[in-house]
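If you want the building blocks of each chain, they are given just below.
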Amino acid sequence: RISIAELGLQRLPLWTDILLTTIGFLVSPLVASIILALITSWFPGFHADQTQDIGFKALGSRTDNMLAFVTLVVLAPLAEETLFRGYLYGKLKRYVPVIWAAVITSALFGLAHFQLNVGIDVFVLSLVLCALRSVTGSIWAGVLVHMAKNAIAYYILFIRPMIGG
């Protein structure tokens, strides 16, 4: 059995979670961009700019938009953070050193996204989210970073094309 505290859900988000969200949100894409640039230079055929298949193609109605928003920006981050940084990372760090728990969790998180370029990006994101979990003892900073990242992707994929951007 795993407790609420072991999942990192023992408290509501704090102001420190919000502050750390900003840091995590800035660090993750910077490090991922550097790694993807290095991989692209080492392997010229690697397509770092391939778009992630998120399961939603075109949204036709407000209901479609709301469903996509709630799924991608609210539910997916909550579920993924609870599963990966809450349950998996929480369990692994009891049996292996914290760094290995973070690497294993992040590798599985990357594999769960089914695309190499996206997997590398979310691997780095997951390392940052594991660090946030270790620093705060909670998954809330990670949930907020994940929501912000997905909200920007939602905007780029669905809102910007509707407004002619």
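Some details on the pattern of salt bridges
Then, number 1: Across all of its chains, the model carries 4 salt bridges by this definition.
Then, number 2: Of the charged contacts in the structure, one is a salt bridge between arginine 94 and glutamate 6, with a shortest N-O distance of 2.8 Å. Within this pair, whereas arginine 94 is found in the loop between helix H3 (62–92) and helix H4 (98–111), its partner glutamate 6 is found in helix H1 (residues 4–7), the two being separated by 88 residues in sequence.
Then, number 3: When its relative accessible area of 45% is taken as the criterion, arginine 94 is described as partly exposed.
Then, number 4: Assessed through its relative accessible area of 24%, glutamate 6 is described here as partly exposed.
Then, number 5: Here arginine 85 and glutamate 81 are joined by a salt bridge, their closest N and O atoms 2.7 Å apart. Of the two residues, arginine 85 and glutamate 81 both sit in helix H3, 4 residues apart, roughly one turn of that helix. For the pair arginine 85 and glutamate 81, a shared accessibility class is recorded, and that class is buried.

Concerning the packing of aromatic side chains
Then, number 1: Evaluated as defined, the whole model comprises 3 aromatic pairs.
Then, number 2: Seen in terms of ring centroids, phenylalanine 69 and tyrosine 154 are 5.3 Å apart; in terms of plane orientation they differ by 75 degrees. Their pairing is edge-to-face. Placement of phenylalanine 69 in helix H3 and of tyrosine 154 in helix H6 (residues 140–162) is noted, with a sequence separation of 85 residues between them.
Then, number 3: Residue class for tyrosine 154 comes out buried when judged on its relative accessible area of 7%.
Then, number 4: Ring geometry for phenylalanine 84 versus phenylalanine 109: centroids 5.0 Å apart, planes at 70 degrees, classification edge-to-face. One end of the pair, phenylalanine 84, is in helix H3; the other, phenylalanine 109, is in helix H4, and 25 residues separate them in sequence. Taken individually, phenylalanine 84 and phenylalanine 109 each receive the classification buried, so the pair is uniform in this respect.
Then, number 5: The ring centre of phenylalanine 109 lies 4.2 Å from the NZ or CZ of arginine 85, which sits over that ring.

Observations regarding the packing of H3 against helix H5 (residues 116–136)
Packed helices, taken two at a time, are described by the angle between their axes plus the distance between the axes.
Then, number 1: One way to put it is that H3 packs onto H5 with a least axis distance of 11 Å and a crossing angle of 65 degrees. In the packing of H3 onto H5, the handedness of the crossing is right-handed. Where H3 abuts H5, its residues Glu81, Arg85, Gly86, Tyr89 and Gly90 lie against Ser126, Leu129, Cys130, Arg133 and Ser134.
Then, number 2: Its residues assigned to classes, the contact of H3 with H5 comprises 3 nonpolar, 4 polar and 3 charged.

What counts and what doesn't
Residues numbered from 1 in each chain as written. Predicted model: local features only at pLDDT ≥ 70, side-chain atom pairs only at ≥ 80, totals over all residues. Heavy atoms only, no water. Salt bridge = Lys/Arg side-chain N within 4 Å of Asp/Glu carboxyl O. Helix = DSSP H or I, 4+ residues; strand = E, 2+ residues; numbered from the N terminus. Buried < 20%, exposed > 50% of the residue type's maximum accessible area, 1.4 Å probe, protein only. Phe/Tyr/Trp six-rings, centres within 6.5 Å; stacked < 30°, edge-to-face > 60°. Lys NZ or Arg CZ within 6 Å of the ring centre and 35° of its normal. Axes fitted to C-alpha atoms, helices over the stretch in contact; angles between N-to-C directions. Left-handed = near helix turned anticlockwise from the far one by under 90°. Contact = heavy atoms within 4.5 Å. Nonpolar A, V, L, I, M, F, W, Y, C, P; charged D, E, K, R; others polar.

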